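Chain by chain, the residues run as shown.
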Amino acid sequence: PPSILLGLYLARKGDDDAALAAFRRATEKDAASSAAWSARATAETRLRDYDAAIASLTKARQLPASKTDALRSGQSLGRLLARSGRTDAALATWNDLASANPDDDGLIEDIMELQIDEGLFDAALASANRLLALRNDPYQKLLVRLRLGDILARNNDRDKALETWLACLHDTGISSWLEKEILSQIDRLFRLSSDLAGLRQVLERELSATPLRPAVHRTAAAIMAETGDRPAAIATLRRLIDLTPGDRAVREETAELLRASDQPAEALAIMEALLTQYPDDQELRLRLVSLRD
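Since the model is a prediction, treat every value here as computed from it, not as a measurement.

**Student:** Summarise the overall build of the protein; cite the residues concerned and give the values.
**Tutor:** Within the protein one finds 17 helices and zero strands. At 28 Å, the protein has a C-alpha radius of gyration far larger than the 19 Å of a compact globule built from 293 residues. In terms of overall dimensions, the protein has a C-alpha envelope of 85 × 40 × 35 Å along the principal axes. Restricting to contacts in the protein with at least 6 residues of sequence separation, those with at least 24 account for 45%. Carbon and sulfur atoms make up 51% of the accessible area of the protein, which amounts to about 15,500 Å² in all. Charge separation in the protein, taken as the distance between the mean sites of 39 positive and 46 negative side-chain charges, equals 3 Å.

**Student:** Please set out the packing of helix α16 (residues 264–277) against helix α17 (residues 282–292) residue by residue, giving values where relevant.
**Tutor:** Closest axis-to-axis distance for the α16/α17 pair is 10 Å, and the angle between their directions is 155°. As the angle between them shows, α16 and α17 are arranged roughly antiparallel. In the crossing of α16 with α17, the sense of the turn from one axis to the other is left-handed. Here Pro264, Ala267, Leu268, Met271, Glu272, Leu274 and Leu275 of α16 come into contact with α17, specifically with Leu284, Arg285, Arg287, Leu288, Leu291 and Arg292.

**Student:** Break down the environment of Arg259 for me, citing the residues and quoting the values.
**Tutor:** Considering the arrangement of structural elements, one finds Arg259 in helix α15 (residues 248–260). Residue class for Arg259 comes out partly exposed when judged on its relative accessible area of 39%. Through-space distance from the C-alpha of Arg259 to that of Thr93 is 62 Å; in sequence the pair is 166 residues apart. Beyond its immediate sequence surroundings of up to four residues, Arg259 is in contact with Ala267 and Leu291.

**Student:** Any chance you could break down helix α14 (residues 230–243) for me, citing the residues and the numbers?
**Tutor:** Across its 14 residues, α14 extends 20 Å between first and last C-alpha, which sits within 8% of the 20 Å expected from 1.5 Å per residue. For α14, the complete set of buried residues consists of Ala232, Ala233, Ile234, Thr236, Leu237, Leu240 and Ile241. By the N-cap criterion, in which a side-chain oxygen at the helix start approaches the backbone nitrogen of a residue two or three places on, α14 is capped by Asp229, the distance to Ala232 being 3.3 Å.

**Student:** An account of the nonpolar core is requested, with residue identities and associated values reported.
**Tutor:** Grouped together as the largest cluster of nonpolar side chains are 73 residues, with contacts concentrated most on Trp94, Ile151 and Ile186. When residues no more than four places from it in sequence are discounted, the contact partners of Trp94 are Gly74, Gln75, Gly78, Arg79, Ala82, Ile111, Leu114, Gln115, Glu118 and Leu120. Of all hydrophobic cores here, the second largest spans 11 residues; its members include Leu10, Ala11, Phe23 and Ala26.

**Student:** Can you tell me about the pattern of salt bridges, naming the residues and giving the values?
**Tutor:** A complete count under the given rule lists 25 salt bridges for this structure. Residue Asp229 pairs with Arg200 through a salt bridge whose shortest N-O separation is 2.8 Å. Of this pair, Asp229 sits in the loop between α13 (214–226) and α14 while Arg200 sits in helix α12 (residues 196–209); the two residues are 29 residues apart in sequence, bridging distant segments of the chain. Taking the relative accessible area as the measure of exposure, Asp229 reaches 24% and is therefore partly exposed. Salt bridges sharing partners connect three or more residues here, namely Arg79, Arg83, Asp117 and Glu118.

**Student:** Describe the environment of Leu81, with residues and values.
**Tutor:** In this fold, Leu81 is placed in helix α5 (residues 67–83). Between the C-alpha atoms of Leu81 and Asp242, which are 161 residues apart in sequence, the distance is 58 Å. Residue contacts for Leu81: discarding those within four places in its chain leaves Ile54, Arg86, Thr87, Ala89, Ala90 and Thr93.

**Student:** Requested: an account of the packing of helix α11 (residues 177–191) against α12, with residues and values cited.
**Tutor:** Across the interface, α11 lies against α12 with an axial gap of 8 Å and an inter-helix angle of 150°. Considering the relative orientation of α11 and α12, their crossing is right-handed. Contact residues: Leu183, Ile186, Asp187, Phe190 and Arg191 in α11; Leu196, Gly198, Leu199, Val202 and Leu203 in α12. Here the residues of the contact of α11 with α12 sort into seven nonpolar, one polar and two charged.

**Student:** Break down unusual backbone geometry for me, citing the residues and quoting the values.
**Tutor:** Within the chain, Arg48 stands out as a residue other than glycine whose phi angle is a positive 65°. For Arg48, the position within the fold is in the loop between α3 (34–46) and α4 (50–61).

**Student:** Quick rundown of α15? Include the residues and the values.
**Tutor:** Between its first and last C-alpha, α15 extends 18 Å over 13 residues, near the 18 Å set by a 1.5 Å rise per residue. Those residues of α15 not exposed but buried are Val250, Arg251, Glu252, Thr254, Ala255, Leu257 and Leu258. Tucked inside the fold, the buried residues of α15 contact α13, α14, α16 and α17. Following α15 by one or two positions, Asp262 has its phi on the positive side, about 60°.

**Student:** Residues and numbers for the environment of Leu97, please.
**Tutor:** In this fold, Leu97 is placed in helix α6 (residues 87–100). As for Leu97 and Pro211, which are separated by 114 residues in sequence, their C-alpha atoms are 46 Å apart. Discounting chain neighbours no more than four positions away, the residues touching Leu97 are Arg61, Ala70, Leu71, Gly74, Gln75, Leu107 and Ile111.

The rules behind each value
- Residues numbered from 1 in each chain as written.
- Predicted model: local features only at pLDDT ≥ 70, side-chain atom pairs only at ≥ 80, totals over all residues.
- Heavy atoms only, no water.
- Helix = DSSP H or I, 4+ residues; strand = E, 2+ residues; numbered from the N terminus.
- Rg over C-alpha atoms; globule rule 2.2 N^0.38 Å.
- Contact = heavy atoms within 4.5 Å.
- Areas by Shrake-Rupley, 256 points an atom, 1.4 Å probe, with all protein chains shown as cover.
- Lys, Arg positive; Asp, Glu negative; His and termini not counted.
- Charge placed at Lys NZ, Arg CZ, Asp CG, Glu CD.
- Axes fitted to C-alpha atoms, helices over the stretch in contact; angles between N-to-C directions.
- Parallel < 35°, antiparallel > 145°, perpendicular 65-115°, else oblique.
- Left-handed = near helix turned anticlockwise from the far one by under 90°.
- Buried < 20%, exposed > 50% of the residue type's maximum accessible area, 1.4 Å probe, protein only.
- Expected span 1.5 Å × (residues − 1).
- Polar contact = N/O pair within 3.5 Å; in protein donor to acceptor, adjacent residues only side chain to side chain.
- Core = buried A, V, L, I, M, F, W, Y, C linked by side-chain atoms within 4.5 Å.
- Salt bridge = Lys/Arg side-chain N within 4 Å of Asp/Glu carboxyl O.
- Nonpolar A, V, L, I, M, F, W, Y, C, P; charged D, E, K, R; others polar.

Take a look at the structure:
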């Protein structure tokens, strides 16, 4: 209808008041149009008239609409209800959507993210578990488990978040981006409470449990050095050199830590060995000159 097109044009220009006026005319001319009521709700939301937007979305959901539009209006209504402090009504709206579409894992994921955004972590946990039950692909399930750990951390359940992420780590390939992401999440979890000692303990346990993971060695060595235990960090990096003999970055990190720990002779030996592999690298030569000096 022309009124809706005019409202969309005005909204695109940023004239929300005029857009809302156009959408109101659209709903007056065609009160049975779900699309008109949804568009009106969008304009009311942008003007922060949440009660009016809730009323418009409620009306839109009572009228015939496509499945896509019905899902979109239901998700928006739940969000507005949550923002207005009507948590029970928001959860009921989202539960009705999920119940009407029990096999729509994309919808459940969208609802979960909405619940996270609104701080409804208990509900988000339930949605995450429901999503886990729906997905069969191991990779997709792992991504949901990672998100589950994030929800647990946001809900101040650090122990369960850590347990979830460590289980994910054990199911993740070595040197994958997921491995890096999980270790980053665990690092962040402990840094939020400034518990570097606890982080080190976890990483040392993982070194024993998964001795073939270079990323765990590297992360553990970094924490050891950061907490002032350079000998332990150097020992960990030496083991990592044996584990990854072709990794140049690991040897350079080890040499730098040795230099900073007043052990230039061993650092020099590592760098000289590197230069035999990369004889044309002038930066290595300059670093060797500094070490020899």
